[in-house]
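Descriptive analysis of the structure
Each chain, letter by letter, is given below.
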Amino acid sequence: MTTDECVIAADGVRRRYAGGFEAVTGISFSVARGEIFALLGTNGAGKTSTVELLEGLARPDGGTVRVLGHDPYRERAAVRPRIGVMLQEGGFPSDLTVAETLRMWSGCTSAPRPTGEALELVGLSDRARVRVKQLSGGEKRRLDLALALLGGPDVLFLDEPTTGLDAEGRQDTWELVRTLRDGGTTVLLTTHYLEEAESLADRLAIMHRGRIVLAGTPAEVTASRPARIRFELPGGVDARRLPLGLRAAADGRRIEIRTHRLQESLGELLRWAKESDVELLRLDARSASLEEAFLDIARTAQDTTARETSGLEAAVAA
Ligand SMILES: Nc1ncnc2c1ncn2[C@@H]1O[C@H](COP(=O)(O)OP(=O)(O)OP(=O)(O)O)[C@@H](O)[C@H]1O
């Protein structure tokens, strides 16, 4: 990736808080121009701590951060006009109206787009005269997004952009983010909605305890997880009669098979069922989703913690 294409680069980045707790423990990733990159993770994984470093709000305690070729902390004046930031908590004066808030923010933004245009982009045109304190949670998120878009940023940081939005509002935001990306904006977002990352992100990274434990395109991340076949055996059929080649985890009559070769395993199972004249009840076969990949990581992490070992990466990569 050339410097021109690489808009965000984090290399061995660390962040330590007062008291010595290391929230980000040496992570590396890059985001290309016009890409949507999602940072996912368990609660407290270090997503916000990382994004704040990229936004130049704090200095890393190790490693380097580059945004548009600059150090966002030390060269803030060069970076700030070209980025849009939507924080988790906007924190705007609640007595101002939506239009007044935008005008105020416009005054602090170089080459702002017309405030009406920003409101239209996020679907808030009809709320311009309403005071911020009278907005719903979802409408406040949209106002936050309008403010982040005011400067026509090259890079957009979105921290949980659709929290509090209803299903339609979420779809509208996704559509807007895609349109911005198609226009060349680079987007880095954090989210707890896995379907959001799956549908929106070109690439993603899953963090846990300050580390990136899995990264790639949504397809790559899910491809590394096994598919799942579930069914129930009728009474009187012993699970030990199943073909040896299928690694079956039996819970009484309920069977779950995890496989990296879904079609082959399913074929083998169906052949066995036909030849043995066994009806597979509630048969369900599906490829791994991002949600399953994520839950696997969370479960592996819990098991790992319980055993007080440090083999998470190995377990996750296996
Ligand atoms: N100012 C601070 N001082 C000390 N510790 C902090 C501070 N801010 C965050 N932390 C800790 O750093 C870790 C990472 O926090 P961070 O907010 O980056 O996680 P996150 O992935 O964004 O979490 P969430 O998904 O819950 O928003 C957490 O254990 C948190 O308690």
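What counts as what
Residues numbered from 1 in each chain as written. Predicted model: local features only at pLDDT ≥ 70, side-chain atom pairs only at ≥ 80, totals over all residues. Helix = DSSP H or I, 4+ residues; strand = E, 2+ residues; numbered from the N terminus. Buried ≥ 20, exposed ≤ 12 C-beta atoms within 10 Å, placed from the backbone. Contact = placed C-beta atoms within 7 Å. Core = buried A, V, L, I, M, F, W, Y, C linked by C-beta atoms within 7 Å. Pairing = 2+ DSSP bridges. Axes fitted to C-alpha atoms, helices over the stretch in contact; angles between N-to-C directions. Expected span 1.5 Å × (residues − 1). Near = placed C-beta within 6 Å. Nonpolar A, V, L, I, M, F, W, Y, C, P; charged D, E, K, R; others polar. Parallel < 35°, antiparallel > 145°, perpendicular 65-115°, else oblique. Left-handed = near helix turned anticlockwise from the far one by under 90°. pLDDT = per-residue confidence, 0-100. Arc of directions from axis to C-beta.

**Brief notes about the overall build of the protein chain**
Of the regular secondary structure elements, the protein chain holds eleven helices and 13 strands. Dimensions of the protein chain along its principal axes, counting C-alpha atoms only, are 75 × 45 × 40 Å. Per-residue burial over the protein chain gives 34% buried out of 318 residues. Taking all contacts inside the protein chain whose residues are at least 6 apart in sequence as the whole, residues at least 24 apart take part in 69%.

**Examining the nonpolar core**
By size, the foremost hydrophobic cluster in this structure holds 62 residues, and its most contacted members are Ala 38, Ala 146, Phe 157 and Leu 188. Those residues in contact with Ala 146, other than ones at most four positions away along the chain, are Leu 102, Ala 118, Leu 119, Leu 121, Val 122 and Leu 124.

**Concerning the sheet that holds strand E12 (residues 254–259)**
Read from one edge of the open sheet, four strands run E11-E12-E10-E13, paired in antiparallel fashion. The outermost strands of the open sheet, each flanked by one partner alone, are strand E11 (248–251) and strand E13 (281–286). Sheet twist, expressed as the mean angle between neighbouring strand axes with direction ignored, is 15°. Sheet analysis places strand E10 (residues 227–232) next to E12, joined by six bridges and oriented antiparallel.

**Comments concerning unusual backbone geometry**
Even without being a glycine, Leu 68 presents a positive backbone phi close to 55°. When you line up the elements, Leu 68 lands in the loop between strand E4 (62–67) and helix H2 (76–79). Positive phi, close to 50°, is recorded for Glu 160, a residue that is not glycine. Inspection of the secondary structure assignment puts Glu 160 in the loop between strand E6 (155–159) and helix H6 (167–182).

**Focus: the sheet that holds strand E8 (residues 203–208)**
A sheet is described by the order of its strands in space; here six strands give the open sequence E5-E6-E7-E3-E8-E9, paired in mixed fashion. Each of the sheet's edge strands pairs with one partner strand only, and the pair in question is strand E5 (83–86) and strand E9 (211–216). Geometrically, the sheet is characterised by an average inter-axis angle of 15° between neighbouring strands, direction not taken into account. Relative to E9, E8 runs antiparallel, the two being bridged by five bridges. From the neighbouring strand, Met 207 faces E9, where its bridge partner is Ile 212. With respect to the sheet, helix H5 (residues 137–149) is in contact with E5 and E6, its orientation differing from that of E5 by roughly 165°.

**What about helix H9 (residues 262–276)?**
For H9, spanning 15 residues, the distance from its first C-alpha to its last is 21 Å, which sits close to the expected 21 Å at 1.5 Å a residue. At the C-terminal side of H9, Asp 277 shows a positive phi close to 55°.

**Considering the site of the ligand**
Close to the ligand lie Tyr 17, Phe 21, Ala 23, Gly 41, Asn 43, Gly 44, Ala 45, Gly 46, Lys 47, Thr 48 and Ser 49. Here the shell around the ligand is composed, by residue class, of four nonpolar, six polar and one charged.

**What to know about the packing of helix H3 (residues 98–107) against H5**
Contact geometry of H3 with H5 gives a least axis separation of 10 Å together with a crossing angle of 25°. Overall, the two elements H3 and H5 adopt an arrangement that is roughly parallel. For the pair H3 and H5, the sense of crossing is right-handed. On H5, the residues that touch Val 98, Thr 101, Leu 102 and Trp 105 of H3 are Leu 143, Ala 146 and Leu 147. Along the lines of polarity and charge, the residues of the contact of H3 with H5 split into six nonpolar, one polar and no charged.

**A closer look at the confidence of the model for the protein chain**
Atom-level detail of predicted coordinates should not be read off regions where pLDDT is low. Averaged over every residue, the pLDDT of the protein chain is 88; the share at 70 or more is 92%. Note that residues 308–318 has pLDDT below 50 and, in this model, 14 contacts with residues that lie over four places away or in other chains. Scoring the predicted complex yields pTM 0.81 and, for the interface, ipTM 0.98.

**Side note on H3**
Among the residues of H3, those classed as buried are Val 98, Thr 101 and Leu 102. Here the buried residues of H3 occupy an arc of 95° about the axis, which is enough to place them on one side. Considering only its buried residues, H3 is in contact with helix H4 (115–121) and H5.

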